[in-house]
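Coordinate inspection notes
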Amino acid sequence: MSLYDDAVLVLKAYEDQEELRRTYLEHLETHPDGMWKACGDGHITASALVIDPSRGRVLLTLHKKLRMWLQMGGHCEPSDDTLTAAALREATEESGVAGLSLLPGGPVRLDRHHTPCAWHLDVQYAALAPAGAVAAISDESLDLRWFAYDEVADVADGSVVRLLEATRARLAV
């Protein structure tokens, strides 16, 4: 199965945000290259909020190009077999945290946003940090920092806040 086919299946199974979910599926239907950065009309991206529920905190990256505190994530690559693999790869690369595991149940949210290059149709997951996780900054970041849940709204935009709220609801914390 291709990454494109996996994305279609993931989006068909996703049960929230019906209108946005349909937008993603229509985009893929009309753009066979819609998984890749080269698709000028926008493309699917995969991200993951790294969360440490035992300590009530999340790890955010100060994105080098956008200069915003965000969850880890980015473009799908040909080596990614699935969207979950892309999200986990991005979270691991950008956080430096070994042993991350995605929260079961598939994507937590969808978020469509414009970047300086194109529309990103982001499929957002949550990644659980193992006990004693040590983060290491990547060259895609200006900074990397743990924030308590109640600090996130002070540093990040609404999409990150909504992702945190949805993640906490799924975790029931």
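What comes next concerns the included structure.

What counts and how
- Residues numbered from 1 in each chain as written.
- Predicted model: local features only at pLDDT ≥ 70, side-chain atom pairs only at ≥ 80, totals over all residues.
- Heavy atoms only, no water.
- Axes fitted to C-alpha atoms, helices over the stretch in contact; angles between N-to-C directions.
- Helix = DSSP H or I, 4+ residues; strand = E, 2+ residues; numbered from the N terminus.
- Parallel < 35°, antiparallel > 145°, perpendicular 65-115°, else oblique.
- Left-handed = near helix turned anticlockwise from the far one by under 90°.
- Contact = heavy atoms within 4.5 Å.
- Nonpolar A, V, L, I, M, F, W, Y, C, P; charged D, E, K, R; others polar.
- Polar contact = N/O pair within 3.5 Å; in protein donor to acceptor, adjacent residues only side chain to side chain.
- Expected span 1.5 Å × (residues − 1).
- Buried < 20%, exposed > 50% of the residue type's maximum accessible area, 1.4 Å probe, protein only.
- Phe/Tyr/Trp six-rings, centres within 6.5 Å; stacked < 30°, edge-to-face > 60°.
- Lys NZ or Arg CZ within 6 Å of the ring centre and 35° of its normal.
- Salt bridge = Lys/Arg side-chain N within 4 Å of Asp/Glu carboxyl O.

This part takes up the packing of helix α1 (residues 3-13) against helix α2 (residues 18-30). Interhelical geometry of α1 versus α2 gives an angle of 155° and a closest axis separation of 10 Å. It follows from the interaxial angle that α1 and α2 lie roughly antiparallel. Note on packing geometry: the crossing formed by α1 with α2 is left-handed. Seen from α1, the contacting residues are Tyr4, Ala7, Val8, Leu11 and Lys12; seen from α2, they are Arg21, Tyr24, Leu25, Leu28 and Glu29. Looking at the contact of α1 with α2 residue by residue, the classes come out as seven nonpolar, no polar and three charged.

This paragraph deals with unusual backbone geometry. Its identity is not glycine, yet Gln17 carries a phi of approximately 50°, on the positive side. Of note, Gln17 is situated in the loop between α1 and α2.

On the secondary structure map, Ser141 appears in strand β8 (residues 141-148). Side chain to side chain, Ser141 and Thr61 meet in a polar contact 2.3 Å long. With sequence-adjacent residues up to four places away left out, Ser141 is seen in contact with Thr61, Leu62, Lys64 and Glu94.

Moving on, we get to helix α5 (residues 158-171). Taking 1.5 Å of rise per residue, the 14 residues of α5 would be expected to cover 20 Å, and the 20 Å separating its terminal C-alpha atoms lies within 8% of that figure. Among the residues of α5, those classed as buried are Ser159, Val160, Val161, Leu163, Leu164 and Thr167. Of the surrounding secondary structure, the elements contacted by the buried residues of α5 are β1 (43-52), β2 (57-63), β3 (69-70), β6 (109-114), β7 (119-128) and α4 (152-155). Looking one or two places after α5, you find Ala172, whose phi comes out positive at around 60°.

Evaluation of the coordinates by the stated rule reveals one aromatic pair. Plain terms: the ring middles of Trp69 and Phe147 are 5.0 Å apart, the flat faces sit at 80° to each other, and that makes the pair edge-to-face. With a gap of 78 residues between them, Trp69 in strand β3 and Phe147 in strand β8 connect regions that are remote in the sequence. Exposure remark for Phe147: the relative accessible area of 6% places this residue in the buried category. The ring of Trp146 has Arg57 sitting right over it, with the charged end atom 3.9 Å from the ring centre. A cation sits over an aromatic face here: Arg112 above Trp119, 3.8 Å from the ring centre.

Here we come to the environment of Leu163. Along the polypeptide, Leu163 turns up in helix α5. As a C-alpha pair, Leu163 and Leu110 span 53 residues in sequence and 8.7 Å in three-dimensional space. Beyond its immediate stretch of four places on either side in the chain, Leu163 contacts Leu49, Gln71, Val108, Arg109, Gln124 and Tyr125.

Another point: the pattern of salt bridges. Taken as a whole, this structure holds nine salt bridges when the rule is applied. A salt bridge links Glu18 to Arg21; the shortest N-O distance between them is 2.8 Å. A residue pair is termed a helical-turn pair when its members lie 3 or 4 positions apart in one helix, as Glu18 and Arg21 do in helix α2 at three residues. On the basis of relative accessibility, which here comes to 12%, the residue Arg21 falls in the buried class. Among the charged side chains, a network of salt bridges with common partners joins Glu77, Asp80, Arg89, Glu90 and Glu93.

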